[in-house]
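The primary structure of each chain is shown beneath.
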Amino acid sequence: MPTTLSIPCLLLLALPLATTGADFDVVLRHGRVVDGTGNPARFADVGIKDGKIAALGRIEPATGREIDATGLVIAPGFIDVHTHAENIDRLPRAENFLRMGVTTIILGNCGGSESDLGEFFRLLEDSGISPNVASLVGHNTIRRQVMGGSFLRPPTETELDEMRTRVRLAMEDGALGLSTGLIYLPGVFAKIDEIVALAEVAARHGGIYVSHMRDEGRKIDDALDELITIARSAGIRAHVSHLKLAGRPSWGRAEEVLSRIDAARDAGVDITQDQYTYTASSTGISQLIPESAREGGRDAFRARIADPDQRDAIVSAMQAKLKERDERDYSYAMIAHYSHDPGLNGLNLREAAARRNGSDTLDNQIDLILEIESRGGASGIFHGMNEDDLKTFLRHPNSMVAADSSVRDFEQGRPHPRGYGNNARVLSRYVRELGVLRLEDAIRRMTSLPATTFCLKERGILREGAWADLVVFDPREVRDHATFESPHHYATGFRLVMVNGVEVVQHDHHSGARPGSVLRKQ
């Protein structure tokens, strides 16, 4: 049996059976309450006062506005532990998240975060935001600040001390922990000792270590071993970002991967994981190019591809990587957003090469990839996962659900649909249609499990005294509508979404309210 999550932040579950004669701001009546713990749903009323849940159970006649939730599910607001929503300062409504039931988002993933979290948090508090926001501190951000570039070398002792100081300051500003993105520059060049030294600082402040590992395909065992070593050496809880098996040669190993994680837990290393519920990933087109070719920044890259011998070596390495993935060409990769030539957005690289160069040969595809990187890069979508693996990961009791998305700028580019539909897709496809999870288990993965893992106190659970972040949805109608071909569609079926007791979504429409809080590590 898989090992279940240890609870670093205790959530008490006592529930009153009845309340009479009380004064509430809002009373939700006759709903089917799924409290976030995984316990069976039950019919109950929910009374809300001053932004918190004041009563849960049978509420006798009381003052306050009443909302009839007959036929609807009342659950805690969803917590997305893996976002890239640093652009919330520009798009504070975060409509794509709220309209799929997400009331709390965690930023700072894959090694990238705001450089000054204290200042960023104050900015958000002053301007107002719709969801609650928390953040990790990113290793890539700190390494780039201190070392001045994407260097294939370890930091000096002076540099490492400065990196430790920056992690400490971020933790003191309220960061939840340290994140790495070990396929991205400059983190790809970091060795274990460097990461352990920084993770130890986060551990001393009660933080968590969250990693986009070095490999999510054929070398995933090595990547997991590295994560486990870092966690054990630093004495820190660890979390695997967007767990997956990428590329056909790796398909079918989900049970083996989970067994490896469970074995580490049994040996005393606290590890959890998250995933998104689609069989395509999304990152920069640059990831198709060897990291050694990108070392030193874009000017150095341009110089390398201008040299015939170095260019030939880069091309050979790209061809070898394709062969390793068992792919004939790059038709599995789609351009999501390329500001230099938006006309290529939505085309796979084979189609884009044909449009740009008049030919879709592999050589022309590689030429286009190198051109894109030399002109500022582009985001992409990469089809390469198997749904059976996805479902196996989703069944594990320590798997959370995360969109790996920014705040979406409506109708801009051709982004991954997960940013609009991820949580709704869990409820529609994997609960209602396929029966992969019970409703109660799906809700737990999106609420109390992330809250306890990331120590978000009084969030992710429906109980008296907890913050009134909650969703009210129709389990028969909730649905994601975003597709890879047409991604800019909001989820539907959410009758009500509340953040800190304020109605932010009403009947699938954003109210414009900004009641969100910055959630600092406590």
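Cut-off values and rules
Going along each chain's sequence as written, the residues are numbered from 1 onward. Since the coordinates come from a predicted model, pLDDT governs what is reported: local features require at least 70, and pairs of side-chain atoms require 80 or more to be given and counted, while whole-chain, interface and lining totals use all residues. Based on all heavy atoms of the structure, the side-chain values leave hydrogens and waters out of the count. Under the DSSP-based scheme used, a helix requires at least four consecutive residues in state H or I and a strand at least two consecutive residues in state E, with every element numbered from the N terminus. By definition, residues are in contact when any of their heavy atoms lie within 4.5 Å. Any two of the Phe, Tyr and Trp rings considered here, Trp counted by its six-membered ring, make a pair once their centres fall within 6.5 Å; the pair's planes then place it as stacked at under 30 degrees, edge-to-face at over 60, or tilted in between. Only protein chains enter the accessibility calculation, which uses a 1.4 Å probe. A residue is then buried if its area is under 20% of the maximum for its type, exposed if over 50%, and partly exposed in between. Note on pairing: two strands pair once DSSP finds at least 2 bridges between them. Note on definitions: angles span 0 to 180 degrees between N-to-C directions of axes, and those axes are lines fitted to C-alpha atoms, for helices only across the stretch in contact. To estimate the expected span of a helix, count its residues, drop one, and scale the result by 1.5 Å. The directions from the helix axis to the C-beta atoms are what the arc is built from.

How should I be thinking about the environment of Ile208 in this particular structure?
For Ile208, the position within the fold is in strand S12 (residues 208-212). In this structure, the C-alpha to C-alpha distance between Ile208 and Gly235, residues 27 residues apart in sequence, is 9.8 Å. Here Ile208 is in contact with Leu136, Leu176, Gly177, Leu178, Ile236, Arg237, Ala238, His239, Thr453 and Phe454, once residues within four sequence places are set aside.

It is not clear to me how the packing of aromatic side chains should be interpreted in this structure. Could you clarify?
By convention here, two paired aromatic rings are described through the distance between centres and the angle between planes. Across all of its chains, the model carries eight aromatic pairs by this definition. Pairing Phe78 with Phe494 gives two aromatic rings, centres 6.4 Å apart and planes at 80°, and the pair type is edge-to-face. Of the two residues, Phe78 sits in strand S7 (residues 78-80) while Phe494 sits in strand S20 (residues 494-499), which places them 416 residues apart along the sequence. Comparing Phe78 with Phe494 shows no difference in burial state: the two are buried.

Would you mind showing me how to read the pairing of strand S15 (residues 280-284) here?
Looking along a regular strand, one sees side chains alternate from face to face of the sheet. Within S15, four of the five residues are buried, leaving the element largely enclosed by the surrounding structure. Where S15 lies against strand S17 (residues 379-383), five bridges are found, and the strand directions are antiparallel. The partner of Ala280 across the bridge, within S17, is His383.

Please clarify how the sheet that holds strand S16 (residues 333-337) should be interpreted in this entry.
Read across the open sheet, the three strands follow the order S15-S17-S16; overall the sheet is antiparallel. The open sheet has two edge strands, S15 and S16, and neither has a second partner. Looking at each pair of strands side by side, their axes are set apart by 30° on average, direction ignored. By the bridge criterion, four bridges tie S16 to S17 in an arrangement that is antiparallel. Across the sheet, Ala333 pairs through a bridge with Phe382, a residue of S17.

What should I look at first to understand helix H7 (residues 254-266) in this one?
Quick reminder: α-helices carry 3.6 residues per turn. Residues three or four places apart thus point the same way. Between its terminal C-alpha atoms H7 stretches 18 Å, which fits the 18 Å expected from 13 residues at 1.5 Å a residue. If you check which residues of H7 are buried, you get Ala254, Val257, Leu258, Ile261, Asp262, Ala264 and Arg265. One face of H7 carries all of its buried residues, which in axial projection span an arc of 155°. Exposed residues lying more than 90 degrees from the buried face of H7 are Glu255 and Asp266. Close packing links the buried residues of H7 with helix H6 (220-234), strand S14 (271-275) and helix H13 (387-395). Gly268, located one to two residues past H7, shows a positive phi value of around 105°.

How should I be thinking about the sheet that holds strand S8 (residues 102-107) in this particular structure?
Whenever strands of a sheet pair, they do so through backbone hydrogen bonds, lying parallel or antiparallel. On the basis of which strands lie adjacent, the open sheet formed by three strands has the order S7-S8-S9 and parallel pairing. Each edge of the open sheet is held by one strand with a lone partner, namely S7 and strand S9 (132-135). On average, each strand axis in the sheet is inclined to that of its neighbour by 20°, with strand direction left out of account. Two strands pair when backbone bridges link them, and S7 and S8 are joined in this way by three bridges, in the parallel orientation. Bridge pairing in S8 links Phe78 to Val102.

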